[in-house]
Amino acid sequence: MNNNRISALEIRREAHRAFRKDIKGNISLNVVPILLRFLAVYFGTKIYTTWMANLNVNLADPSQASQRLSEISASMANDPSSANQFMLTLTPETSVVVYAFMFFFIMVCVGVSYTLIDKLRNPDYQINALKGSLQAFSGRYFFPLLFITALFGLFLEAGLMLYIIPGIWFLMIFSQAFFIFKDDVADQNKWTLRMAFSSFSRSSVLMRGYKWAYFSLCLEFFFWEILNALTHELLSIWLQPYEQLTMAIFYQRVLENNRKK
């Protein structure tokens, strides 16, 4: 890599090397998010089967299911306003549980990322897998990360509603906000909401010139996640640590490049 560019291929190779160097440690650090992935599949399947049952679709009978889904499609084509009665709807209680689950998963992944950054910067850093994965819930990070997560989700959801492309753009330019906030807290030994706000603007500046490399990595993850879904999340035992390592290494390399400049 030169001082002006970061190769997505080189980031992938470095992530693979780091994973192979300590397979047991990397998997151990990601045990909690891996288990959460399995739980998500389990309860997601429950919600899906309940939805299909409410639509009188018998998933155990492929011919009946196909016929019923064809009837629903025809009904929606003839009367678009009828689509609402076939849409998946969640009770308020279920919606709260889903959002709480997503928040918990994101916070755990942030904790894992912070631990990986510390390890990348200090090879002698001793990792406590459980403590490392849950460090985002400490008083040092919890409340500002709650705010950053909510704001990031708001930007992403708003962007995705505007024909997908703006959502992808927001994802790229604000992707480093969590990492930047960690370094700001380390530098100042405290946190403020102003720091949480500024992490977004600083992320957009940091990502100048690196959006294509980041997009390439995300595109690879997208196809891996499709394959992972076909394995009912079994592949996540490798994929989750690999994704976490890749993003941590990407941030560190971008930061180093900007310091060189």
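Criteria and cut-off values
Residues numbered from 1 in each chain as written. Predicted model: local features only at pLDDT ≥ 70, side-chain atom pairs only at ≥ 80, totals over all residues. Heavy atoms only, no water. Helix = DSSP H or I, 4+ residues; strand = E, 2+ residues; numbered from the N terminus. Buried < 20%, exposed > 50% of the residue type's maximum accessible area, 1.4 Å probe, protein only. Contact = heavy atoms within 4.5 Å. Areas by Shrake-Rupley, 256 points an atom, 1.4 Å probe, with all protein chains shown as cover. Lys, Arg positive; Asp, Glu negative; His and termini not counted. Charge placed at Lys NZ, Arg CZ, Asp CG, Glu CD. 1 Å grid on protein atoms, 1.4 Å probe; cavity = no way out; pocket = protein on both sides within 12 Å on 5 of 7 lines; lining within 4 Å. Points joined across faces, edges and corners; volume = space filled by probe spheres on them. Nonpolar A, V, L, I, M, F, W, Y, C, P; charged D, E, K, R; others polar. Expected span 1.5 Å × (residues − 1). Bend = angle between axes of the 7 residues up to and from the residue. Core = buried A, V, L, I, M, F, W, Y, C linked by side-chain atoms within 4.5 Å. Arc of directions from axis to C-beta. Phe/Tyr/Trp six-rings, centres within 6.5 Å; stacked < 30°, edge-to-face > 60°. Polar contact = N/O pair within 3.5 Å; in protein donor to acceptor, adjacent residues only side chain to side chain.

In the annotation of an unreviewed UniProt entry, the entry for the protein reads DUF975 family protein, and the organism field reads Companilactobacillus pabuli.

**Re the overall build of the protein**
A count of helices and strands for the protein gives twelve helices and zero strands. Structurally, the protein occupies a C-alpha span of about 60 × 40 × 35 Å along its principal axes. Counting only residues that meet the buried cut, the protein has 39% of its 261 residues in that class. Sequence separation of 24 or more characterises 71% of the internal contacts of the protein that already satisfy a separation of 6 or more. Per element, the accessible surface of the protein, about 15,200 Å² overall, is 65% carbon and sulfur. When the 24 basic and 18 acidic side-chain charges of the protein are each reduced to a single mean position, those positions are 10 Å apart.

**Topic: the layout of surface pockets**
If you add up the space inside the largest pocket, you get close to 1,900 Å³. Lining the largest pocket are 43 residues; nearest its centre among them are Phe 105, Ile 106, Phe 152, Leu 156 and Leu 171. Take the lining of the largest pocket: its biggest share by element is ten residues, from helix H5 (residues 92-121). Considering only residue class, the lining of the largest pocket consists of 30 nonpolar, eight polar and five charged. Each pocket or cavity is described by its volume, and for the second largest pocket that value is around 390 Å³.

**Let's talk about helix H10 (residues 193-206)**
Taking 1.5 Å per residue, 14 residues should reach 20 Å; H10 reaches 20 Å between its end C-alpha atoms and fits that length. Of all the bends found along H10, the most pronounced is centred on Ser 199 and spans about 25°. Among the residues of H10, Met 195, Ala 196, Ser 199, Phe 200, Ser 203 and Leu 206 are the ones counted as buried. Buried residues in H10 make contact with helix H7 (142-161), helix H8 (165-173), helix H9 (177-188) and helix H12 (236-260).

**Things to note about the nonpolar core**
Tyr 214, Phe 250 and Tyr 251 are the most contacted members of the largest nonpolar core, which totals 31 residues. Of all elements in the fold, only helix H1 (8-21), H5, H9, helix H11 (211-230) and H12 reach the threshold of two or more residues within this core. Here this core takes eleven residues from H12, the largest share from any one element. Those residues in contact with Tyr 251, other than ones at most four positions away along the chain, are Ile 117, Arg 121, Gln 176, Phe 179, Ile 180, Asp 183 and Leu 206.

**A few points about H1**
The terminal C-alpha atoms of H1, which comprises 14 residues, lie 20 Å apart, in line with the 20 Å expected from a rise of 1.5 Å per residue. Within H1, the full set of buried residues consists of Ala 8, Ile 11, Arg 12, Glu 14, Ala 15 and Phe 19. The buried residues of H1 all sit within an arc of 165° when viewed along its axis, so they share a single face. Within H1, the exposed residues directed more than 90 degrees away from the buried face are Arg 20 and Lys 21. The secondary structure elements touched by the buried residues of H1 are helix H2 (23-29), H11 and H12.

**Thoughts on the packing of aromatic side chains**
By the definition in use, this model includes 21 aromatic pairs. An angle of 80° between the planes, with centres 5.1 Å apart, marks the rings of Phe 142 and Phe 143 as edge-to-face.

**Section: the environment of Ser 28**
The topology assignment puts Ser 28 in helix H2. As a C-alpha pair, Ser 28 and Glu 157 span 129 residues in sequence and 32 Å in three-dimensional space. A polar contact of 2.8 Å, which involves the side chain of Ser 28, links it to the backbone oxygen of Lys 24.

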